[in-house]
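# Summary of the model geometry
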Amino acid sequence: MLQSLPVALQAGIWGLLGASSLVLGAALAFLVRLPRRVTAGIMAFGCGVLISAVAYNLIEDGFEQGGLWPVAGGALAGSVAYTVANILVARSGGRHRKRSDRQPAGGAKEGQEGSGGMAIVVGSLLDGIPESVVLGVGLLSGGQVSLPMLAAIFLSNFPEGLSSAVGMRRAGRGRGYVLGLWAGIAALSALAALAGAALLGDAPPALLASVNAVAAGALLTMIADTMIPEAVADEHNGTGLLVVLGLLVAFALSQLGG
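Residues numbered from 1 in each chain as written. Predicted model: local features only at pLDDT ≥ 70, side-chain atom pairs only at ≥ 80, totals over all residues. Heavy atoms only, no water.

To continue, consider the overall build of the chain. Broken down by element type, the chain carries nine helices and zero strands. Reading the secondary structure of the chain in the N-to-C direction produces α-α-α-α-α-α-α-α-α. Out of the 258 residues in the chain, the part that is buried amounts to 47%. Partitioning the contacts of the chain with sequence separation of at least 6, the portion at a separation of at least 24 is 85%. On the chain, roughly 11,200 Å² of surface is accessible, and the fraction owed to carbon and sulfur atoms is 67%. (Helix = DSSP H or I, 4+ residues; strand = E, 2+ residues; numbered from the N terminus. Buried < 20%, exposed > 50% of the residue type's maximum accessible area, 1.4 Å probe, protein only. Contact = heavy atoms within 4.5 Å. Areas by Shrake-Rupley, 256 points an atom, 1.4 Å probe, with all protein chains shown as cover.)

Tallied over the entire structure, the rule returns two cavities of 30 Å³ or more. If you trace the second largest cavity, you find 13 residues lining it, with Ala19, Glu131, Ser132, Asn157 and Ser189 closest to the centre. Of all the secondary-structure elements, those providing two or more residues to the lining of the second largest cavity are helix H1 (7-29), helix H5 (113-142), helix H6 (147-170) and helix H7 (175-199). Looking at the lining of the second largest cavity, the element that brings in the most residues is H5, giving five residues. When grouped by side-chain class, the residues that make up the lining of the second largest cavity number five nonpolar, seven polar and one charged. (1 Å grid on protein atoms, 1.4 Å probe; cavity = no way out; pocket = protein on both sides within 12 Å on 5 of 7 lines; lining within 4 Å. Points joined across faces, edges and corners; volume = space filled by probe spheres on them. Nonpolar A, V, L, I, M, F, W, Y, C, P; charged D, E, K, R; others polar.)

What follows concerns the side chain of serine 132. Here serine 132 lies in helix H5. On the basis of relative accessible area, serine 132 is assigned to the buried category, the value being 5%. Discounting residues that sit within four places of it in the chain, serine 132 has contacts with Ser189, Ala192 and Ala193.

So, about the packing of aromatic side chains. Geometry of an aromatic ring pair is reported as the spacing of the ring centres plus the angle between the planes. Tallying each qualifying case throughout the model produces one aromatic pair. Measuring from centroid to centroid gives 5.2 Å for tyrosine 56 and phenylalanine 251, while their planes differ by 50 degrees, and the two rings are tilted. Of the two residues, tyrosine 56 is situated in helix H2 (residues 36-66) and phenylalanine 251 in helix H9 (residues 239-257); the sequence distance between them amounts to 195 residues. The partly exposed category is assigned to tyrosine 56, whose relative accessible area is 33%. Taking the relative accessible area as the measure of exposure, phenylalanine 251 reaches 30% and is therefore partly exposed. (Phe/Tyr/Trp six-rings, centres within 6.5 Å; stacked < 30°, edge-to-face > 60°.)

Turning our eyes to something else, we now look at the UniProt feature "transmembrane region" (unreviewed entry) in the chain. Feature annotation in UniProt assigns "transmembrane region" (unreviewed entry) to the following positions: residues 12-31, 38-59, 71-90, 177-200, 206-228 and 240-257. In the segment residues 12-31, helix accounts for 90% and strand for 0%; the C-alpha atoms at its two ends are 29 Å apart. Strand forms 0% of residues 71-90 and helix 100%; the C-alpha atoms that close the span are 28 Å apart. (UniProt positions renumbered as here; feature names shortened; annotations may be inferred.)

Another point: H7. The end-to-end C-alpha distance of H7, which contains 25 residues, comes to 36 Å, matching closely the 36 Å that a straight helix rising 1.5 Å per residue would cover. The set of residues buried in H7 consists of Val178, Trp182, Ile185, Ala186, Ser189, Ala190, Ala192, Ala193, Gly196 and Ala197. (Expected span 1.5 Å × (residues − 1).)

Let us look at the layout of surface pockets. Taken as a whole, the second largest pocket spans an internal volume of roughly 170 Å³. Lining the second largest pocket are Gly78, Ala81, Tyr82, Leu126, Ile129, Pro130, Val133, Val211, Val214, Ala215 and Ala218. Sorting the residues of the lining of the second largest pocket by element identifies helix H3 (68-94), H5 and helix H8 (205-235) as the ones contributing at least two each. In terms of residue class, the lining of the second largest pocket is built from ten nonpolar, one polar and no charged.

Here's what the structure looks like:
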């Protein structure tokens, strides 16, 4: 059904689906209190899925499309850009944006929690834009969305929405404000996916490979800098096993889909 729509519109819909777990996580924060080990386990599994999707759907496919140097240069550029931006977000209170049941800025006082929650939102945009662009560009090169990549984005976004909602709820923000904010973030993610497909529709393979590599570098840096440390902090000894399990599940999905 979606394949009858223009590619850019398809990309926007898939981008919205991937970001929808932000809203689901935020909504859950107002309904139940999940144990931190549960959300950390989801994040660890998502790390494995995301590593597999980046390695096989972005790095390997990009190498086949554009060769070594566009992939290597793009990945390094994406990593440097994410590192600099992430440092700025962390200093503003968004360091633990992917950790649930944690006050922003590592335990901010009541008057500071609102700014920490907003830093988490800015950080979520920093994480989400490369993910969404990847979904849009993937439709251009492969004709259909990558299920492992979509699953990885969905799983990594859930704890992020949950943690931010917890911090902003403690700061006195209402349910409507928090859910409306995350709905806006999801909409921006959809627009990023749509723009990626629309603007690069006639791009040569080497350019598509470079764009995917930039996103790959940013995503791998995000995994190392934010996702795995937060998952280890709450899940402890089970993180490695869940990461491997997620990687194997994603690899199996990519093989079956191929």
